[in-house]
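Read off the chains here:
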Amino acid sequence: MDTIFALASARGRAGVAVLRISGPLAHWAAGQLCALPPVRHAGLRVLRYQGEVLDQAVVLAFAAPHSFTGEDSVELHLHGSIAVVAKVSDVLAQMGGLRLAEAGEFTRRAMDNGHLDLTQVEGLADLIDAESESQRKQALQVLSGVIAQKVAPWRADLLRAAALIEATIDFADEDVPFDVSPEVLGLLTRVQQDLAAEHARSGAAAAIREGFEVAILGAPNVGKSTLLNALAQREAAITSDIAGTTRDVIEVRMHIGGLLVTVLDTAGLRDSDDVVESIGIARAKQRAEAADLRIFLLQRADERFDIQPRPDDIVRLAKGDVVQGSIPSVSGKTGAGLDALLAEIAHKLEGKTSAAGVFSRQRHIQALGVAQAALQKAIAALPRATEAPEVIATEIRVALNALEGILGHIGVEDLLGEIFSSFCIGK
Amino acid sequence: MKQFDVIVVGGGHAGAEAAAASARMGSRTALITLRRDAIGVMSCNPAIGGLGKGHLVREIDACDGIMGEAADRAGIQFRLLNRRKGPAVQGPRTQADRKLYRQAIQSLLARYDSLTIMQGEVASLIVNANQIGGVVLADGSRITASAVIITAGTFLNGVIHVGDQQRAGGRVGDAPSVLLAQQLADLNLQRGRLKTGTPPRLDGRTINWSVLDSQPGDDVPTMFSFLNSAPFAAQIACGITQTNARTHDIVRQNLGRSAMYGGHISGVGPRYCPSIEDKVVRFADKDHHQIFLEPEGLDDPTVYPNGISTSLPAEVQQDYVRSIVGLEQVTITQPGYAIEYDYFDPRGLDPALQVKAMAGLFFAGQINGTTGYEEAAAQGLVAGLNAALLASGRPPALFSRSESYIGVMIDDLTTHGVTEPYRMFTSRAEYRLALRADNADQRLTEKAIALGCVSQTRAAQYRKKADLLAAARAVLSETAFSPRELQAAGVEVSADGARRSAYDVLAFEGVTPEHAANLVPAFAGFDAEIQQQTARDALYVQYIQRQDRDVQRLRADEALAIPAGFDYADIPGLSNELTQKLKRALPANIFQASKIEGMTPAALLLLISHVRRPSRRQTA
């Protein structure tokens, strides 16, 4: 069994960063850096490697089987600096016998060692996944078996089609003289159309699961970053009186009306000779085009940019504290009009969710795509049903397998991969 | 007291193939049968092969088994079924001369020095602490062995029905093995009851052939054995006739006197091989059913009318048979009958066909709920190989669903059990495009050579062919051609700029080995058989590649074995219901466990993590 290590706390700057080491060499490895305190006793230590001081850390050791993973393990509570974490990780990797953990590997070891049962593992995964009220509802709906209800009639139709084709193969010598192609064509076409419709509705479902994107657009210095900070209720973006302060796209995740939303603050739209600002503006337009909803902050009601509001988009006069006009306004500075804006965002996004299908995971959507493609090939091959029925049968089987895979009748290793990939490294 | 490594009980198709396999492995093998002269008897229809079944025979042959060779020697009308469809669903079939087939099997068995054939009735098994030790014959003599294969066929509690008449028995003329049946019953294995029917046999000299259609064999006969290229016996044609409204009326009026419809039979019959009573009742809208009149031998006047099996009383059989065109004056030489028999739930077997509850005891053939000579022989092969391996202390030889129809059948039987007599179909094989009758040797012979059950002659011939196929493929794959070059060689291809090899385009509709030879002159140097086989291999390449990930996944799950004696009670978090199901099913690996009804992904993960943990693997 390898000894693995990874950052167990969130990445990036923080007060404390916890680096976890687990496996037979865990105590030895930590012992190379400092004198290990007695197990289950926190000790403040200076970490040194080959004469070089790495950091001062609280060191906590656990002995198998009394640890999260059930193995010998050590937690290094480092200063939450990216550089410190990188340096200590490098040193651990250099020691030999240690490697960076894969996603979910600590949890997997915990399960393999009987420290977590599967329901706990799944619970952990759900806890990590669900962030918003709508995600909770969606998960419940999926849990109630709505996907199985959708798949059942498709499965029945495809089984019937497969049986008809198979009969012409396996009972060639017996009494199956009639042409099965018309019925097969009808069945395959019906399922294919249903799949296409569901596929189209899966985008909104995926947005609920993964979050909607809302982009704020407008001229420089119109108060986009101020509005973002007001929506986020924290200083997420730097604001100043200088036009063009925001250059890259800034993303902030928040909940609006029970939905998970990522609000994008973007560079102000203007013609610029500045190379860096131009890149920022191009990026702003690109992200805004792909977003689910756009908020246009205007200086005057008739202001226009080369990116046009779509019918569903939200348009507001900027700096509502000082400017009034014929259209609603908002002020990030005073909060005037903020509640109305939030209500409108929620309303617009809810409108999009009402059309959402039940297939929300990338795995589901991929399976729908695989099934659709296979059915297209089967339909295309149908005129050759007499000469090559085995090819049609194979395509129908591919479609059936893909749909059944959604329900979980899939290979074990895939299942493991699916579950454990939902954990991040260090968990 | 006599000593052997392996004892095979029964000389039917399962028993003969099991004994041959065990003997090929070098084990000292005894075949014990009630009647030495009945070894290799075809008790039902005089034909070998067909769809799915032909695949099994080819796979047996690829392992140097005897069924394919015997069928070639006895074949009197060879046809490749589905000839106009793709090679993956083509199945070789032959009418077989009963006498020639029996003689072929007996002479093939006589070749094996390590095989002893004994005549006698097995009365009981010798058992030492859940470990088989041999058998005791009815005359009291004891024969010891490390492995015993039971191929008791329909002998177990067999009851024969002709109309409302019943009698205990196996096949007509055989005495039932009541003693052995009792011994097996004492093992407390799950049992079920099945039925099967036979048609009346006709005297061909009383059939008016002149008014009937005939069905000849193929112009170019397809052999079963990879070692043979032409039939041995003279070739004949079969006759074709059909039932009519009057036939159906007679059957309908006498349904109450049929054993199956009169309530005398409780066993379940096969849906796909219905009796004439079934056909008349279930397909009431059809006014005729086809009948193939199959000669049973070159010098035997008996004709087997395929398609009208029955359990009506003998006099009714005569009435309805004589209502059929061409059979107006026919003499029935033996009335049709139905037979009911016990089978043991094959879920009590491991994938080597060994009884889970008794080390060293193997079951093969109809005793496991299958029907058909080919299914029986394939199981005989698996049991014979594994009994020999067990006797020599070697690990079992397992067959995967991804590599053979044999693997498909063994997995179906041992995982799902049977609800009707199990017959092979090509649709049972999810990797059908890869598991073809034409490439059975490419799939299995190397493995069989490694096991040690292949003669040097076959091994040498196989290797030569494999080398040629590899060379032919390499030659075709070497060069990529532009669409223009392909079109010039007569290959229809879109001018999309993509370069393709001759091997690639062999998968295209209408592209033949001749096209390939136009593109790559060196390919013309290979003989026709190698050219054609290369084309068949090329045809499905893209599908087979797509399935490759599934195959890898399946093999990984199959490879994760659940050790014998694994304690399911020791897994916290597993539901009581599933724990009970697992304890009953005793799956051999994770793939089998995943097939258990009610198995959830969560439970499977739990199981895997415990199977993988060395500390909890086994409890004392």
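Residues numbered from 1 in each chain as written. Chains lettered and ligands numbered in written order. Predicted model: local features only at pLDDT ≥ 70, side-chain atom pairs only at ≥ 80, totals over all residues. Heavy atoms only, no water.

**Considering the overall build of chain A**
Convention followed: Under the DSSP-based scheme used, a helix requires at least four consecutive residues in state H or I and a strand at least two consecutive residues in state E, with every element numbered from the N terminus. For every residue, the accessible area (1.4 Å probe, protein chains only) is compared with the maximum for its type, and the residue is labelled buried under 20%, exposed over 50%, or partly exposed between those bounds. Only heavy atoms matter for contacts: two residues are in contact if any of them lie within 4.5 Å across the pair.
Along chain A, the regular secondary structure elements total 13 helices and 11 strands. Considering chain A as a whole, with its 427 residues, one finds that 47% of them fall into the buried category. Long-range pairs, those at least 24 residues apart, make up 62% of the contacts in chain A between residues at least 6 apart in sequence.

**Examining the sheet that holds strand β7 (residues 212-218) of chain A**
Residues and elements named next belong to chain A. Cut-off, in case you're wondering: DSSP bridges decide pairing: two strands pair if at least two such bridges lie between them. Here the axes come from fitting lines to C-alpha atoms, over the contacting stretch only for helices, and the angles between their N-to-C directions go from 0 to 180 degrees.
With mixed pairing, the 5 strands of this open sheet are ordered in space as β8-β9-β7-β10-β11. Pairing within the sheet leaves two strands with one partner each, and these edge strands are β8 (250-256) and β11 (314-317). Averaged over neighbouring strand pairs, the angle between their axes works out to 25 degrees when direction is ignored. Along the sheet, helix α8 (residues 224-232) makes contact with β7, β8, β9 (259-265) and β10 (293-298), crossing β7 at roughly 145 degrees. Across the sheet, helix α10 (residues 338-353) is in contact with β7, β8, β9, β10 and β11; its angle to β11 comes to roughly 170 degrees.

**Details of the nonpolar core**
Note the cut-off: Among buried residues, those of type Ala, Val, Leu, Ile, Met, Phe, Trp, Tyr and Cys that are joined through side-chain atoms within 4.5 Å constitute a nonpolar core.
Ranked by internal contacts, the top residues of the largest apolar core, which has 109 residues, are Ile48(B), Leu109(B), Val135(B), Ile150(B), Leu184(B), Leu361(B) and Phe363(B). Here the element with the most residues in this core is helix α9 (residues 373-391) of chain B; it accounts for 11 residues. Setting aside residues up to four positions removed in sequence, Val135(B) forms contacts with Ile7(B), Val9(B), Ile32(B), Val122(B), Ser124(B), Leu125(B), Ile126(B), Ser141(B), Arg142(B), Ile143(B) and Val148(B). In this structure, Ala162(A), Ile169(A), Phe359(A) and Ala367(A) belong to the second largest nonpolar core, which totals 35 residues.

**A short note on the domain arrangement of chain A**
Defined as follows: Per the annotation, domain bounds derive from an automatic or database assignment of domains.
Here chain A is partitioned into domain 1 (3-116), domain 2 (137-208 + 361-409) and domain 3 (211-353). The gap between the C-alpha centroids of domain 1 of chain A and domain 2 of chain A is 49 Å.

**So, helix α9 (residues 275-290) of chain A**
Residue and element names in this part refer to chain A. Threshold: Here the expected span of a helix is defined as 1.5 Å times the quantity of residues minus one. Within this analysis, the arc is defined by the directions that extend from the helix axis to the C-beta atoms. Counting of polar contacts relies on pairs of N or O atoms within 3.5 Å, with two restrictions inside protein: one atom must be capable of donating a hydrogen and the other of accepting it, and residues adjacent in sequence are counted only when both atoms are side-chain atoms.
Helix length check: α9 (16 residues) gives 23 Å between terminal C-alpha atoms against 22 Å at 1.5 Å per residue, within 8%. Turning to α9, its buried residues number three or more, namely Glu277, Gly280, Ile281, Ala284 and Ala288. One side of α9 carries all its buried residues, which in axial view fall inside an arc of 100 degrees. Along α9, the residues that are exposed and aim more than 90 degrees away from the buried face are Val275, Gln286 and Ala290. Contacts made by the buried residues of α9 are with β7 and β10. One side-chain oxygen of the residue at the start of α9 lies 2.8 Å from the amide nitrogen of Val276, identifying that residue as Asp274.

**Remarks on the side chain of Glu296(B)**
Residue and element names in this part refer to chain B. Inspection of the secondary structure assignment puts Glu296 in strand β18 (residues 290-297). Within the local environment of Glu296, its side chain forms a polar contact with the side chain of Arg201, the two groups lying 3.3 Å apart. Leave out the neighbours within four places in its chain, and Glu296 touches Pro46, Ala96, Asp97, Arg98, Arg201, Thr302, Val303 and Tyr304.

**Focus on the sheet that holds strand β5 (residues 75-81) of chain B**
All names here are of chain B. Reading across from one edge, β4-β6-β5 is the order of the 3 strands in this open sheet, with antiparallel pairing throughout. With one partner strand each, in any of the chains shown, β4 (47-49) and β5 form the two edges of the open sheet. Pairs of neighbouring strands in the sheet enclose a mean axial angle of 20 degrees, with direction left out of account. One ladder, built from 3 bridges, connects β4 with strand β6 (residues 91-96); its direction is antiparallel. Bridge pairing links Ile48 to Thr94 in β6.

**Concerning unusual backbone geometry**
Residue Pro65(A) is bonded to the preceding Ala64(A) through a cis peptide linkage, with omega at 0 degrees. Relative to the helices and strands, Pro65(A) is located in the loop between β4 (52-62) and β5 (73-79). Positioned with a positive phi, Arg40(A) is a non-glycine residue whose angle comes to about 65 degrees. Note on placement: Arg40(A) falls in the loop between α1 (26-33) and β3 (43-49). Of note, the phi angle at Ala129(B) is positive, near 45 degrees, even though the residue is not glycine. Within the secondary structure layout, Ala129(B) lies in the loop between β8 (122-128) and β9 (131-137).

**Some points on the environment of Ile276(B)**
All names here are of chain B. By the secondary structure assignment, Ile276 is in helix α7 (residues 276-282). Separated by 24 residues in sequence, Ile276 and Arg252 place their C-alpha atoms 9.8 Å apart. Apart from the residues within four sequence positions on either side, Ile276 is in contact with Thr243, Val251, Ile308, Ser309, Thr310 and Tyr320.

**Observations concerning the packing of aromatic side chains**
The condition that has to hold: Any pair of Phe, Tyr and Trp rings, taking the six-membered ring for Trp, is counted once the centres come within 6.5 Å. Such a pair is stacked with planes under 30 degrees apart, edge-to-face with planes over 60 apart, and tilted for the rest. Only when the NZ of Lys or the CZ of Arg is both within 6 Å of the ring centre and within 35 degrees of the ring normal is a charge said to sit over the ring.
A complete count under the given rule lists 3 aromatic pairs over all chains for this structure. Between Phe566(B) and Tyr568(B), the aromatic rings sit 5.1 Å apart at their centres with planes inclined by 70 degrees, giving edge-to-face as the arrangement. Its relative accessible area of 7% is what places Phe566(B) among the buried residues. A cation over a ring is seen here: Arg20(A) above Phe106(A), with NZ or CZ 5.2 Å from the ring centre. Taking NZ or CZ as reference, Arg58(B) lies 5.2 Å from the ring centre of Phe226(B), over its face.

**Notes on the pattern of salt bridges**
The test is simple: We define a salt bridge as a contact between a side-chain nitrogen of Lys or Arg and a carboxyl oxygen of Asp or Glu at a distance within 4 Å.
In the structure shown here, the tally under the stated rule is 57 salt bridges over all chains. A salt bridge links Asp218(B) to Arg83(B), with the nearest nitrogen and oxygen atoms 2.8 Å apart. Highlighted residues: Asp218(B) in the loop between β16 (213-215) and β17 (238-242) and Arg83(B) in the loop between β5 and β6, separated in sequence by 135 residues. According to the relative accessible area criterion, Arg83(B) is partly exposed, its value standing at 40%. Between Asp299(B) and Lys99(B) there is a salt bridge, with its nearest N and O atoms 2.7 Å apart. A residue pair is termed long-range when its members are at least 10 positions apart, and Asp299(B) in the loop between β18 and β19 (300-306) and Lys99(B) in helix α4 (residues 98-110) qualify at 200 residues. For Lys99(B), a relative accessible area of 33% puts it in the partly exposed group. One continuous salt-bridge network, built from bridges that share partners, spans Asp2(A), Glu71(A), Arg99(A), Glu105(A) and Arg109(A).

**Notes on the packing of helix α2 (residues 53-62) of chain B against α9(B)**
All names here are of chain B. In plain terms, the rule: Put simply, angles under 35 degrees are roughly parallel, angles over 145 are roughly antiparallel, angles from 65 to 115 are roughly perpendicular, and the rest are oblique. Each crossing is labelled by how the near helix is turned from the far one, with a counterclockwise turn of less than a right angle marking it left-handed and a clockwise turn marking it right-handed. Polarity classes work like this: nonpolar for Ala, Val, Leu, Ile, Met, Phe, Trp, Tyr, Cys and Pro, charged for Asp, Glu, Lys and Arg, and polar for all others, with Gly in that last group.
Put simply, α2 and α9 touch, their axes get as near as 9 Å, and they point 30 degrees apart. Accordingly, the angle class assigned to the pair α2 and α9 is roughly parallel. For α2 against α9, the interelement crossing comes out left-handed. Listed contacts from α9 to Lys53, Leu56, Val57 and Ile60 of α2 are Glu374, Glu375, Ala377, Ala378 and Leu381. Class assignment for the residues of the contact of α2 with α9 results in 6 nonpolar, no polar and 3 charged.

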